[in-house]
Amino acid sequence: MKKKDIQYLKGDKLKHFVKVNDPYMPRGSKHEMSICKGCHAIYKGRKWFLDEELYKSNVKKKTANIVTCPACLKIRDNFPGGVVTLGGDFLKRHEDEILNLVRNEGDRSLRDNPLERIMSINKIKGRIEVQTTNEKLAQKIGKSVFKAYSGELEYKWSEDDKFARVNWSR
Ligand SMILES: [Zn+2]
């Protein structure tokens with residue numbers, strides 16, 4: 001299958017999923033909390049957060065529902081909510097510092113909301129492609145690279161706003 005075809009399929013899949021809102025959110029559960037076995041994120045009081053102590057003290061209890069969180073599912077399925085593409089000659093000369101900025105933005109997001117994280121960073125033909133679990137983080141990364149280095153920034157949203165493609169170049 002050509003790369004183009006794969007992207008097309010992903011778009012179709014996305015449209016289907018969006019009808020049921022976020023298919024990766026856990027269904028209603030009688031448990032006091034849900035715990036992700038992959039990244040140890042905890043879902044409690046309608047919110048996901050990281051708390052390693054709470055994880056350790058609850059993971060073996062029957063009151064905890066052991067799940068795979070939406071972010072880990074998206075990583076497993078290779079189903080990003082956002083893609084940031086960075087390119088240009090300036091990027092080539094400042095790659096390390098720009099990548100540091102991108103990673104810092106990802107780490108900060110992860111601490112605030114474990115569902116918002118960087119899935120992968122790949123170099124493709126002189127460009128850097130950053131996949132994120134949700135559209136908001138892709139937008140944040142584009143914004144902070146633009147703020148630090150100016151250049152050209154563009155956002156493209158899917159019809160339903162659930163997927164963002166962010167392009168930056170300088
Ligand atoms: Zn997880």
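Residues numbered from 1 in each chain as written. Predicted model: local features only at pLDDT ≥ 70, side-chain atom pairs only at ≥ 80, totals over all residues.

## Quick notes on the pairing of strand β5 (residues 82–87)
- Bridge count for β5 against strand β7 (residues 127–132) is five bridges, and the pairing is antiparallel. Considered in β7, the bridge of Leu86 is made with Ile128.
- Sheet topology note: the β5/strand β9 (residues 164–169) ladder contains six bridges and is parallel. When the sheet's bridge partners are listed, Val84 is paired in β9 with Val166. (Pairing = 2+ DSSP bridges. Helix = DSSP H or I, 4+ residues; strand = E, 2+ residues; numbered from the N terminus.)

## Side note on the sheet that holds β9
- Spatial ordering of the open sheet is given by β6-β7-β5-β9-β8, a layout of five strands whose pairing is mixed. The open sheet terminates on both sides in strands that have one partner only, identified here as β6 (118–124) and β8 (152–157). Averaged over all adjacent pairs, the angle separating strand axes in this sheet is 15°, with direction ignored. (Axes fitted to C-alpha atoms, helices over the stretch in contact; angles between N-to-C directions.)

## Topic: the sheet that holds strand β1 (residues 33–36)
- With mixed pairing, four strands are arranged side by side in an open sheet as β3-β2-β1-β4. Each having just a single partner strand, β3 (47–50) and β4 (64–67) make up the two edges of the open sheet. Mean inter-strand twist for the sheet, computed between neighbouring axes without regard to direction, equals 30°.
- Two elements, β1 and β4, share four bridges in a ladder whose sense is parallel. Bridge pairing in β4 links Cys36 to Val67.

## So, helix α5 (residues 95–112)
- The end-to-end C-alpha separation of α5 is 26 Å, in line with the 26 Å expected for 18 residues at 1.5 Å each.
- Among all positions in α5, only Ile98, Val102, Glu105, Gly106 and Ser109 are buried. Projection of α5 onto a plane perpendicular to its axis shows the buried side chains occupying an angular sector of 95°, all on one side. Opposite the buried face of α5, at more than 90 degrees from it, the exposed residues are Asp96, Glu97, Asn100, Asn104, Asp107 and Arg111.
- Looking at the packing, one finds that the buried side of α5 touches β5, α4 (89–93), β6, β7 and α6 (135–149). (Expected span 1.5 Å × (residues − 1). Buried ≥ 20, exposed ≤ 12 C-beta atoms within 10 Å, placed from the backbone. Arc of directions from axis to C-beta. Contact = placed C-beta atoms within 7 Å.)

## A few points about the nonpolar core
- One finds Cys69, Val84, Leu86, Ala138, Ile141, Val145 and Val166 to be the most contacted residues of the largest nonpolar core, which totals 28 residues.
- Those elements that provide at least two residues to this core are β1, β2 (41–44), α3 (70–77), β5, α5, β6, α6 and β9.
- By residue number, the principal contributor to this core is α6, which donates four residues.
- Each of domain 1 (3–76) and domain 2 (80–169) contributes no fewer than three residues to this core. (Core = buried A, V, L, I, M, F, W, Y, C linked by C-beta atoms within 7 Å. Domains from an automatic or database assignment.)

## Quick word on the confidence of the model for the protein
- Confidence in the prediction for the protein averages 86 pLDDT; 82% of positions are at 70 or higher.
- Averaged pLDDT values for the elements of the protein fall to 45 in helix α1 (residues 3–18) and rise to 98 in β5.
- Across residues 1–9 the pLDDT falls below 50, and counting only partners more than four positions away or on other chains, this stretch makes one contact in the model. (pLDDT = per-residue confidence, 0-100.)

## Section: α6
- Relative to the 21 Å expected for 15 residues at 1.5 Å per residue, α6 spans 21 Å between its end C-alpha atoms, a close match to the ideal helical length.
- Along α6, the positions that sit buried rather than exposed are Glu135, Leu137, Ala138, Lys140, Ile141, Gly142 and Val145.
- Taken together, the buried residues of α6 touch β5, α5, β7, β8 and β9.
- In the segment just after α6, Ser150 is the residue with positive phi, at about 50°.

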